[in-house]
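Chain residues, written in single-letter form:
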Amino acid sequence: LESILDIGRPFSRRGRVSAGVHPESMGGWMDSWMGASKVAGVEMDEWKMLSLSTVWACVNAISADVAKLPMHLYRRREPAGREKAITHPAYKLLLRQPNPEMTALTIKQTLLQKALRWGNGYGEIVANGAGHPIAIWPLKSQQMRLARTKDGELLYVYTDDAGKEHPFRQDKIFHIRGMGEGVMGYSVVRWGMRSLGVAA
């Protein structure tokens, strides 16, 4: 990873999101840890589980309700306390419009439903030449993995639809974690699959 020179370089929006792609499995750490999941003998994954009306309704209800809550950015005050950082470049991204094609409500619900399904919701933070954040674009959770450099720095490694890896430092990724081990969240849907598989 240290030999890759384009760390944090934004890639085309076409590489970020692409409708209709159906991954056969996560292909990541949770698959190897929990194993494949079957419900009544049918192989299931995070996409197929959405065909269950109850799963769809729950994911939609939770993500929609939480997304309605305002997301403010604060700065510390001296000697104590805090205040809204309304002049910070990221403030309007979180509260109003994260990118030209989505509202704050839309991207929050998008990342939250990804966190519920995959355990983690990721967004790429795009900055201008001055280093100020100007946009947040959602990424596919099932195509992200975490790694560390020899120095122990945490890296987010995203594989786009063409199979190319894009490593990002922590300050370039907006990460919503579900309950988990701290660095990565657990997929609520995958735990549900295991429960349904046992019950079936």
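### Digging into the sheet that holds strand β5 (residues 120-127)
- A sheet is described by the order of its strands in space; here three strands give the open sequence β6-β5-β10, paired in antiparallel fashion. Where the open sheet ends on each side, the last strands, each with one partner, are β6 (133-139) and β10 (173-177). Ignoring strand direction, the axes of neighbouring strands in this sheet form an average angle of 25 degrees.
- Pairing of β5 with β6 involves six bridges; the strand directions are antiparallel. Following the sheet pairing, E124 is matched in β6 by W137.

### A closer look at the side chain of S141
- Within the element layout of this structure, S141 appears in the loop between β6 and β7 (144-148).
- The residues contacting S141, other than those within four sequence positions of it, are K114, W118, N120, G121 and Y122.

### Quick notes on the pattern of salt bridges
- Applying the stated criterion across every chain yields a total of six salt bridges.
- The partner of K68 in a salt bridge is D65, and the shortest N-O contact between them spans 3.7 Å.
- Judged by its relative accessible area of 60%, K68 falls in the exposed class.
- Given the relative accessible area of 47%, D65 is considered partly exposed.
- In this structure, the salt-bridge partner of E165 is R145, at a minimum N-O distance of 3.0 Å. Here the residue E165 occupies a position in strand β9 (residues 165-169), and R145 occupies one in strand β7, the gap between them amounting to 20 residues.
- Each of R75, R77 and E83 takes part in salt bridges that share partners, so that together they form one network.

### Description of helix α5 (residues 104-118)
- Between its terminal C-alpha atoms α5 stretches 21 Å, which fits the 21 Å expected from 15 residues at 1.5 Å a residue.
- Counting buried positions along α5 yields 12 of 15 residues, so the element is predominantly enclosed.
- Positioned one or two residues after α5, G119 has a phi angle of 95 degrees, which is positive.

What counts and how
- Residues numbered from 1 in each chain as written.
- Predicted model: local features only at pLDDT ≥ 70, side-chain atom pairs only at ≥ 80, totals over all residues.
- Heavy atoms only, no water.
- Pairing = 2+ DSSP bridges.
- Helix = DSSP H or I, 4+ residues; strand = E, 2+ residues; numbered from the N terminus.
- Axes fitted to C-alpha atoms, helices over the stretch in contact; angles between N-to-C directions.
- Contact = heavy atoms within 4.5 Å.
- Salt bridge = Lys/Arg side-chain N within 4 Å of Asp/Glu carboxyl O.
- Buried < 20%, exposed > 50% of the residue type's maximum accessible area, 1.4 Å probe, protein only.
- Expected span 1.5 Å × (residues − 1).

Functional significance is not addressed by these values, which are geometric in nature.
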